[in-house]
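So you can see what is in the structure, the chains are spelled out below.
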Amino acid sequence: MKNNCLLCAEPVCTKACAVMDPAKILRSLSFDNEYVVMNSIPAEIPCTDCEGRCEAACPVSVDIRETLLGIRRDRPDKKEINYDVLKTDFCGIPLENPFLLSSSVVASSYEKCARAFEAGWAGVAYKTVCFMDIEEASPRYSAVKGEEKIIGFKNIEQLSEESVEENIRIFRKLKENYPTKFLLVSIMGRDEEEWIRLAEMMNDSGADALELNFSCPNMTHKATGSDVGQIPELVEKYCKAVKAHTKLPFIAKLTPNVTHIEDSAEAAMRGGADGVAAINTIKSLIEVDINPNNGIYHASIGGYSGKAVKPIALRFIAELSADKALEGKHISAMGGIETWKDALEFIVLGADSVQVTTAVMQYGQRIIEDLKDGLALYLMNHGFSSVKEIKGSTISGIVPTEKLDRSYIIYPKFLREKCVSCGRCVLSCTDGGHEALRFAEGRPILDPKKCVGCHLCILVCPQKAIVSSEIKVPKRQ
Ligand SMILES: Cc1cc2nc3c(=O)[nH]c(=O)nc-3n(C[C@H](O)[C@H](O)[C@H](O)COP(=O)(O)O)c2cc1C
């Protein structure tokens, strides 16, 4: 079955079908939302005796009918989604759900923010406002890709190119037309005086709250952005300055380009911040020009974001959430969120709200449908009445390395019927593992005396023919 759906902007399959919306279903499947599809798909779908107009229209010949017919439609407990379970707040300000666009190009104009509100985002963190003259480079993005999807994304963008006054005009209009949506305005000053001026100007701008950008890694002005976020004394100083001149709640957006993010977070608390946001992008270098004829090696360090940074972002959120100095403070998490499951992981670690940029750049604002539906159904199915109930629920489940139980081995289990004898598991175990696998009659054979249960074979198997067994076998003495 071929499902290489391109997630088209204006899906021709849906236009051709005229009976249902195959594109929406394929999209939900791409965003880990099998359950939402199972919940919404009718018991009888007309695909069995249809001539397949959707497939004829599809530019890459996805097996749409087979995919749709393969979806289980026998769920007895189909539910109306109750979006009230997603209601939460930002320092006491109501949010209709925890999903915000993060401060970046995705939240950088009236039109984009208005469309995001209409689409179902609870709010936006508006692109960072400043007094600097911002001039951007072209091109400014590059990416690490896998199967034509962006896995890691690098940008060298700085802040809003609009004047502070023009941005305030936009905020007022947004607030006027969307009074119930949440407007978090990101600001950055070059010195104390600029932080104060920005804080004062934002007081009656329509902003509901402020996010202090101590974390952009791409600034051409020295001693701004992540240069500040790495120095707790400066974070504290600028937070204090803002606190003294704003009537709005504010959070500090922290840089991941540090070893101990808690140092800057605690400094922000001492400075009077109401919470933190993390992570901004990670300093990175994706591409280097290796053509010797070019003479100059063009490459620049920029901020890394998207799916690839999620494990790093999760680690930082876990550390922030465990920090006693942040108890009761708002944590707004981001870094690689694409699906509702990604968002949920951050929330169970302790996030109150979650923000997204790279996934919106790649897939558009419409991912909000799958984020909301997936999270709401998960909460309903598990008997939670509010997203607030699950905040921080696994933080104690994170085991420090020194406390890990190292007394057992969990062996891999080989699914013979799926194995095609490619031998990748044997190769990896021999050269990069513990030499516990060998080939016999075209099949991998495990030597339990040598196997340490590292699970490298499971990770490299291209056929998903090796899984983890569920038994913990005590190590031999
Ligand atoms: C193109 C681009 C521009 C960004 N501009 C800003 C910005 O102006 N202010 C800011 O605080 N963060 C900025 N960020 C960082 C994002 O808000 C976010 O922290 C980061 O990208 C991680 O989230 P993600 O993986 O969902 O993209 C930018 C990110 C990208 C990709």
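1. Quick notes on the overall build of the protein chain
Then, in step 1: Helix and strand counts for the protein chain stand at 17 helices and 20 strands.
Then, in step 2: Rg of the C-alpha trace for the protein chain: 25 Å, near the compact-globule value of 23 Å for 477 residues, within the 12% margin.
Then, in step 3: A sequence separation of at least 24 residues applies to 70% of the contacts in the protein chain between residues at least 6 apart.

2. With respect to the domain arrangement of the protein chain
Then, in step 1: Entries for the protein chain in the domain assignment read domain 1 (12-69), domain 2 (84-396) and domain 3 (407-474).
Then, in step 2: The C-alpha-based centres of domain 1 and domain 3 are spaced at 37 Å.

3. Things to note about the sheet that holds strand β8 (residues 209-213)
Then, in step 1: Pairing within the closed barrel is parallel, and its 8 strands lie in the order β3-β4-β7-β8-β9-β10-β13-β14. The average angle at which neighbouring strand axes cross in this sheet is 25°, direction not considered.
Then, in step 2: Across 4 bridges, the pairing between strand β10 (residues 275-278) and strand β13 (residues 330-334) is parallel. Its bridge partner lying in β13, Ala 278 is registered against Ala 333.

4. So, the nonpolar core
Then, in step 1: Of all hydrophobic cores here, the largest spans 110 residues; its most connected members are Val 124, Val 276 and Ile 317.
Then, in step 2: When residues are assigned to domains, this core turns out to be shared by domain 1 (12-69) and domain 2 (84-396), each giving three or more.
Then, in step 3: Residues contacting Ile 317, with those up to four places away along its chain left out, are Ala 278, Ile 331, Ala 333, Phe 346, Leu 349, Gly 350 and Ala 351.
Then, in step 4: Of all hydrophobic cores here, the second largest spans 11 residues; its members include Phe 414, Val 426, Ala 436 and Leu 437.

5. Notes on the site of the ligand
Then, in step 1: In the region of the ligand, 27 residues are neighbours, and Ser 102, Ser 104, Ser 305, Thr 357 and Thr 358 sit closest.
Then, in step 2: Sorting the residues of the shell around the ligand by element identifies β4 (123-129), β6 (149-155) and α14 (358-363) as the ones contributing at least two each.

6. As for the packing of helix α13 (residues 340-349) against helix α15 (residues 367-381)
Then, in step 1: Packing of α13 against α15 leaves a shortest axis separation of 8 Å and a crossing angle of 60°. On the basis of their axis angle, the class for α13 and α15 is oblique. Considering how the two elements wind past one another, α13 and α15 form a crossing that is right-handed. Where α13 abuts α15, its residues Trp 340, Ala 343 and Leu 344 lie against Asp 370, Leu 371, Gly 374, Leu 375 and Tyr 378.
Then, in step 2: Grouping the constituent residues of the contact of α13 with α15 by class yields 6 nonpolar, 1 polar and 1 charged.

7. Describing the sheet that holds β6
Strands belonging to one sheet form pairs held by backbone hydrogen bonds; the direction of such a pair is parallel or antiparallel.
Then, in step 1: What the 4 strands build is an open sheet, ordered β5-β6-β12-β11; its pairing is antiparallel. Taken across any chain shown, the strands that pair with only one partner, and hence form the sheet edges, are β5 (141-146) and β11 (282-284). Averaged over neighbouring strand pairs, the angle between their axes works out to 40° when direction is ignored.
Then, in step 2: Looking at chain direction, β5 and β6 are connected through 6 bridges and run antiparallel. Counted as the bridge partner of Lys 145 is Ile 150 from β6.

8. Description of the environment of Ile 301
Then, in step 1: Mapped onto the elements of the fold, Ile 301 is located in the loop between β11 and β12 (302-305).
Then, in step 2: A C-alpha to C-alpha distance of 8.8 Å links Ile 301 and Pro 217, two positions 84 residues apart in sequence.
Then, in step 3: The residues contacting Ile 301, other than those within four sequence positions of it, are Lys 283, Ser 284 and Leu 285.

Criteria and thresholds
Residues numbered from 1 in each chain as written. Predicted model: local features only at pLDDT ≥ 70, side-chain atom pairs only at ≥ 80, totals over all residues. Helix = DSSP H or I, 4+ residues; strand = E, 2+ residues; numbered from the N terminus. Rg over C-alpha atoms; globule rule 2.2 N^0.38 Å. Contact = placed C-beta atoms within 7 Å. Domains from an automatic or database assignment. Pairing = 2+ DSSP bridges. Axes fitted to C-alpha atoms, helices over the stretch in contact; angles between N-to-C directions. Core = buried A, V, L, I, M, F, W, Y, C linked by C-beta atoms within 7 Å. Buried ≥ 20, exposed ≤ 12 C-beta atoms within 10 Å, placed from the backbone. Near = placed C-beta within 6 Å. Parallel < 35°, antiparallel > 145°, perpendicular 65-115°, else oblique. Left-handed = near helix turned anticlockwise from the far one by under 90°. Nonpolar A, V, L, I, M, F, W, Y, C, P; charged D, E, K, R; others polar.

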